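Letter by letter, the chains look like this.
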Amino acid sequence: MHSEFDIIFAGGGTTACVIAGRLAAADPSLKILVVESGQHSRDLPIHVQPSQFVANLAPTSTTMSCLVGRPSQHLNERSPLSMCGRSVGGGSTVNFMVYTRGAASDYDDWAKFGNEGWSSNDLLPLIKKIETYTPKADQPTHGYSGPIGISASAMDLGVGKQFLDVAKEYDPDRPQLEDNNDLVVANAYSPWFKYIDSKTGRRSDAASRYLYPHSENPNLQILVGKRVKRVIVENGRAVGIEYTNDAISCPGASTELIIAKALKLVVVSGGAFGSPAILERSGIGAPPILAENKIRVVVDLPGVGENLQDHHGVVPLFYASDETATMDDVWSNVQEHTAWLKEWERSGKGKIAQNGLDAMVKIRPTAAELSSIGPMFQSRWETFFQHNPDKPLAIIAPLAGFTGDHSIMPPRKFITMCYYILYPESTGRVHIGSGDDANAALDFDPCIFSNPTDAQPLIMLYKKARELARRMPSYRGEVASHNPQFAADSPAACKETDGPVPISAPDIMYSIEDDKAIEDFHRNFVQCISHSLGTCAMKPRKEGGVVDSRLNVYGVTGLKIADLSICPSNVGTNTCSTALLVGEKAAAIIAEDLGIDTTIRSARSILDFIFEVAVMIRGWVVRYIFPAAKY
C-alpha cells in the first residue's frame with residue numbers, strides 16, 4: 001500500500017463512499033485512501049439481501065456499533081442506545097432501506113446559518129442526481145439516472161395496503177398520495193418506497209453504487225478493520241492520519257499506530273459519533289474536554305461533539321392473524337428463508353427483496369390532534385411548525401413482522417406500529433472517553449426528553465397508531481409486553497382479540513391514569529432512531545460551529561468534515577437521503593477546490609429545467625401564500 005495519498009478519508013461510511021467514488025470517476029489518477037473500522041460489504045448476504053437488515057440489529061452483530069448513553073432521569077434511569085453502521089458504506093448498508101427525504105425548508109434552514117450554496121434550490125439538482133426513481137416517471141423533484149435505485153415493493157405483503165385502506169375511511173381528511181417525498185408534502189399517507197434495485201432486488205447502497213465500481217483502480221485504496229485515532233496537524237495544516245486496528249473487526253490484534261500521509265486533503269467522515277471523536281483526539285475541541293483526556297489543544301473549538309440531534313420513537317407490537325403475510329417466517333425460520341432465497345436468486349422478487357415496510361404517513365396534527373397533545377407543546381408548534389408547512393411532526397408506519405428475537409416470543413405473526421417525532425427540541429452531546437485509546441467507549445448522552453415538550457406528541461402518536469392498527473383486518477390484539485401497562489379494568493387494557501373493530505367504532509377513551517401509563521411506556525422504551533447528526537455543525541464559529549460552508553474545519557487548513565455531523569439543524573427524514581446529499585455536495589466542493597472537472601456530460605434537458613422551476617414555485621406558494629394548506 002502507498003504511504004502517501006492525495007486525499008485520505010477517515011471513515012468509509014455512506015458519505016465517504018459517495019465522495020471517493022465521484023472523485024475517482026472524475027480523476028482516476030488521484031491517490032485516494034478510505035480507512036474504515038468495519039469490514040467490506042461487497043456482495044455479502046447480510047448487506048445485499050434486503051430482508052437481512054434485521055441481522056445487522058442482532059446483539060452479536062459486528063456490522064453496527066451500539067452506543068450506550070448515560071443513564072437518564074428522564075428515562076427512569078435507563079441508558080438509551082443508538083446504533084450506527086460499521087462497514088464500507090456505513091448506514092446505507094445496514095439500515096431499513098426506507099426512502100424518505102427532508103423538507104425543502106430543512107435545507108433552507110441550513111442556508112440561514114450563512115451557508116451559501118446549501119439552500120433547497122441550490123441542492124435540488126444534487127438531490128435528483130443521487131437517484132434512479134422507478135415508481136413513477138416525470139416527477140419534478142426526482143431523478144432518473146443516478147446511482148441509487150428507488151423502487152416500490154417487489155412483493156405485496158398486504159399489511160401496507162390494509163393500513164392505507166383503513167386510513168381512507170378512518171382518517172379521510174388526511175390525503176393519500178402516490179408520493180409524499182417531493183420535498184413539500186408533510187401531511188399525507190403514501191406507499192413507502194425503498195432503497196432496493198427494482199431489477200435485481202438487491203439493496204441499493206453507497207458502497208456498491210458509488211465506491212466499489214472503482215475498486216479496480218490501483219489509485220483507490222480501501223483499508224478495512226482500521227480505526228483512525230487522530231488527524232496529524234503540523235503548522236496548522238492537516239498532513240495525514242494515525243490509525244490502528246479496530247478492536248471489533250480485529251479482536252486481539254496489535255494496537256500499533258500507523259501513519260498515512262495526505263498531500264492535499266484529509267476528509268473526516270466518521271459520522272455523528274466518529275467525527276467529533278477523531279477531532280478531539282487530534283486536539284481539536286473544547287479545552288476542558290481535551291484537558292480531561294490529557295490532550296494538547298491544537299484548536300479551541302467548543303462546538304465539537306455538541307448539538308447532537310436525532311429522531312425519537314417507539315415500536316409497540318400487535319398480534320396478526322395467521323393468514324397475514326408478514327416477514328416473521330423469513331426472520332425466524334431457516335427453511336423458510338432458504339425457500340424464499342431461491343426465488344430471489346432467480347427473479348430478484350419475493351420476501352428476500354422486502355423490508356416489511358410498505359406504507360407510511362407523515363403527520364401534521366389537525367386542530368383536534370394538536371389540542372390533545374396539550375398546552376405544553378403549543379409554543380413549539382407556533383414558533384417552529386406553524387409557519388413551515390412542509391415540516392411533518394412525525395411518521396407512523398406499520399411493519400409486517402417483529403424485528404426482535406423470535407425465540408422469546410410465542411410462535412405467532414406480528415405487526416409493529418412504528419412512530420417517531422422528527423424535530424425533537426432536546427439536543428445531546430458525545431465526547432471521547434480516552435485520549436489514548438481510539439477504541440475506547442464514547443461519553444454519549446442524547447438527552448432524550450430533556451426538553452419535556454418532546455414527550456407530549458408521542459402520547460398522541462401512540463393513540464393514533466393503535467386506532468389505525470385495531471381497524472386493520474389482520475389485527476388480533478396487542479402484545480402486552482410491548483405496549484403500555486394499563487390497569488386490567490381500564491377500557492384501554494391490552495388484550496388479544498378475534499379480529500378488528502369496525503372502522504366506525506369509537507376511539508378508546510383514555511383516563512389520566514392511562515395517559516400516565518403511555519408516558520411511562522415511552523420513558524421505558526423510547527430510543528434514538530439512529531438518525532444522529534449535528535455534532536460538527538456547519539455554522540459560524542461563534543455560534544458553536546465546527547466547519548464553514550465549504551466544510552473546512554475552523555483553524556486548520558487541508559481538513560474537511562463530510563458526513564451527517566455537519567448538519568446544523570435537524571431534517572424531517574430518515575437520514576440516508578441526507579447523507580447521500582451531503583456526499584454529493586462535498587464531492588462538488590472538493591472537486592472545485594482541487595480544480596477537477598466533474599461536469600455531467602449530458603446537458604440537462606429543458607424539461608428538467610421547467611420541472612425544477614415548477615417545484616420551486618409550488619414550494620413558495622405552499623409556504624407563503626397558503627401556509628394553512630394540508631399538504
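Above: the structure in question.
Now for a quick tour of the structure.

Thresholds applied
Residues numbered from 1 in each chain as written. Predicted model: local features only at pLDDT ≥ 70, side-chain atom pairs only at ≥ 80, totals over all residues. Heavy atoms only, no water. Helix = DSSP H or I, 4+ residues; strand = E, 2+ residues; numbered from the N terminus. Rg over C-alpha atoms; globule rule 2.2 N^0.38 Å. Buried < 20%, exposed > 50% of the residue type's maximum accessible area, 1.4 Å probe, protein only. Areas by Shrake-Rupley, 256 points an atom, 1.4 Å probe, with all protein chains shown as cover. Lys, Arg positive; Asp, Glu negative; His and termini not counted. Charge placed at Lys NZ, Arg CZ, Asp CG, Glu CD. Core = buried A, V, L, I, M, F, W, Y, C linked by side-chain atoms within 4.5 Å. Contact = heavy atoms within 4.5 Å. Salt bridge = Lys/Arg side-chain N within 4 Å of Asp/Glu carboxyl O. Phe/Tyr/Trp six-rings, centres within 6.5 Å; stacked < 30°, edge-to-face > 60°. Lys NZ or Arg CZ within 6 Å of the ring centre and 35° of its normal. Axes fitted to C-alpha atoms, helices over the stretch in contact; angles between N-to-C directions. Left-handed = near helix turned anticlockwise from the far one by under 90°. Nonpolar A, V, L, I, M, F, W, Y, C, P; charged D, E, K, R; others polar. Expected span 1.5 Å × (residues − 1). Parallel < 35°, antiparallel > 145°, perpendicular 65-115°, else oblique. Polar contact = N/O pair within 3.5 Å; in protein donor to acceptor, adjacent residues only side chain to side chain. Pairing = 2+ DSSP bridges.

**A few points about the overall build of the protein chain**
Right, on to step 1. When helices and strands are counted, the protein chain shows 16 helices and 23 strands.
Right, on to step 2. Against the compact-globule benchmark of 25 Å for 631 residues, the protein chain has a radius of gyration of 24 Å, which places it among compact chains.
Right, on to step 3. Dimensions of the protein chain along its principal axes, counting C-alpha atoms only, are 70 × 55 × 55 Å.
Right, on to step 4. The burial tally for the protein chain puts 60% of its 631 residues in the buried class.
Right, on to step 5. Within the structure as shown, the protein chain displays about 24200 Å² of accessible surface, and the carbon and sulfur contribution to it stands at 54%.
Right, on to step 6. Seen as two clouds, the 60 positive and the 71 negative side-chain charges of the protein chain have centres 3 Å apart.

**Considering the nonpolar core**
Right, on to step 1. Of all hydrophobic cores here, the largest spans 163 residues; its most connected members are Phe9, Leu23, Phe163 and Leu559.
Right, on to step 2. Here this core takes 10 residues from helix α15 (residues 576-594), the largest share from any one element.
Right, on to step 3. What phenylalanine 163 contacts, discounting residues up to four positions off in sequence, is Tyr189, Ala359, Met360, Val361, Ile396, Pro398, Met417, Leu468 and Met472.
Right, on to step 4. In this structure, Tyr319, Met409, Phe414 and Val479 belong to the second largest nonpolar core, which totals six residues.

**With respect to the environment of glycine 236**
Right, on to step 1. When you line up the elements, glycine 236 lands in the loop between β9 (226-234) and β10 (237-245).
Right, on to step 2. Residues glycine 236 and alanine 493, 257 residues apart in the sequence, show an inter-C-alpha distance of 63 Å.
Right, on to step 3. Aside from chain neighbours lying at most four places away, what touches glycine 236 is Gly555, Val556 and Thr557.

**Topic: the pattern of salt bridges**
Right, on to step 1. Counted under the stated rule, the structure contains 34 salt bridges.
Right, on to step 2. Note that aspartate 43 and arginine 202 form a salt bridge whose closest N and O atoms lie 2.7 Å from each other. In this pair, aspartate 43 sits in the loop between β2 (32-36) and α2 (45-48) while arginine 202 sits in the loop between β7 (188-191) and α6 (206-211), placing the two residues 159 residues apart along the sequence.
Right, on to step 3. Classification of arginine 202 as partly exposed rests on a relative accessible area of 29%.
Right, on to step 4. Look at the salt bridges and you will find they share partners, linking Asp106, Asp109, Lys112 and Lys391 into a network.

**Observations concerning the environment of phenylalanine 521**
Right, on to step 1. Relative to the helices and strands, phenylalanine 521 is located in helix α14 (residues 512-525).
Right, on to step 2. Measuring from C-alpha to C-alpha, the distance between phenylalanine 521 and proline 316 comes to 9.5 Å, with 205 residues separating the pair along the chain.
Right, on to step 3. Apart from residues no more than four positions distant in its own chain, phenylalanine 521 is found in contact with Val314, Pro316, Tyr419, Tyr462, His482, Asn483, Pro484 and Val526.

**A short note on the packing of aromatic side chains**
Aromatic ring pairs are described here by two measures, namely the spacing of the ring centres and the angle between the planes.
Right, on to step 1. This structure, assessed with the given rule, holds 22 aromatic pairs.
Right, on to step 2. Plain terms: the ring middles of phenylalanine 318 and tyrosine 475 are 6.3 Å apart, the flat faces sit at 50° to each other, and that makes the pair tilted. Pair noted here: phenylalanine 318 is in strand β15 (residues 317-320) and tyrosine 475 is in strand β21 (residues 475-478), with a separation of 157 residues, a long-range link.
Right, on to step 3. Looking at phenylalanine 318, the relative accessible area reads 2%, which means it is buried.
Right, on to step 4. Take tyrosine 475: its relative accessible area is 6%, and that puts it in the buried class.
Right, on to step 5. Over the face of the ring belonging to tryptophan 118 we find lysine 585, whose NZ or CZ atom lies 5.7 Å from the ring centre.

**Remarks on the packing of helix α1 (residues 14-26) against α15**
Right, on to step 1. The contact between α1 and α15 brings their axes to 8 Å, and the two run at 40°. Where α1 crosses over α15, the handedness of that crossing is right-handed. Two secondary-structure elements touch here, α1 through Thr14, Thr15, Val18, Ile19, Arg22 and Leu23 and α15 through Ala579, Leu580, Val582, Gly583, Glu584, Ala586, Ala587, Ile590 and Ala591.
Right, on to step 2. Taken together, the residues that form the contact of α1 with α15 break down as 10 nonpolar, three polar and two charged.

**Focus on α15**
Right, on to step 1. In this model, α15 (19 residues) spans 27 Å end to end at C-alpha, consistent with the 27 Å of a helix rising 1.5 Å per residue.
Right, on to step 2. Burial of α15 is extensive: 15 of the 19 residues sit out of reach of the surface.
Right, on to step 3. Phi turns positive, to about 75°, at glycine 595, one or two residues after α15.

**Quick look at the packing of helix α4 (residues 120-129) against α15**
Right, on to step 1. The geometry of α4 relative to α15 is characterised by a closest axis approach of 9 Å and an angle of 110° between their N-to-C directions. Relative to α15, α4 is oriented roughly perpendicular. Pair α4 / α15 crosses with right-handed handedness. Within the contact between the two elements, α4 uses Leu123, Leu126, Ile127 and Lys129 and α15 uses Leu581, Glu584 and Lys585.
Right, on to step 2. Among the residues making up the contact of α4 with α15, the classes are represented as four nonpolar, no polar and three charged.

**Some thoughts on the side chain of asparagine 180**
Right, on to step 1. Inspection of the secondary structure assignment puts asparagine 180 in the loop between α5 (159-170) and β7.
Right, on to step 2. For asparagine 180, the side chain forms a polar contact with the main-chain oxygen of alanine 188, separated by 2.9 Å.
Right, on to step 3. What asparagine 180 contacts, discounting residues up to four positions off in sequence, is Val185, Ala188, Tyr189, Ser190, Met360 and Lys362.

**Points about the pairing of strand β17 (residues 394-399)**
Right, on to step 1. With six of six residues buried, β17 lies mostly within the body of the structure.
Right, on to step 2. Alternating residues of β17 divide into Ala394, Ile396 and Pro398 and Ile395, Ala397 and Leu399, and every residue in both groups is buried.
Right, on to step 3. Sheet topology note: the strand β16 (residues 359-363)/β17 ladder contains three bridges and is antiparallel. In the strand pairing of β17, isoleucine 363 is matched with alanine 394.

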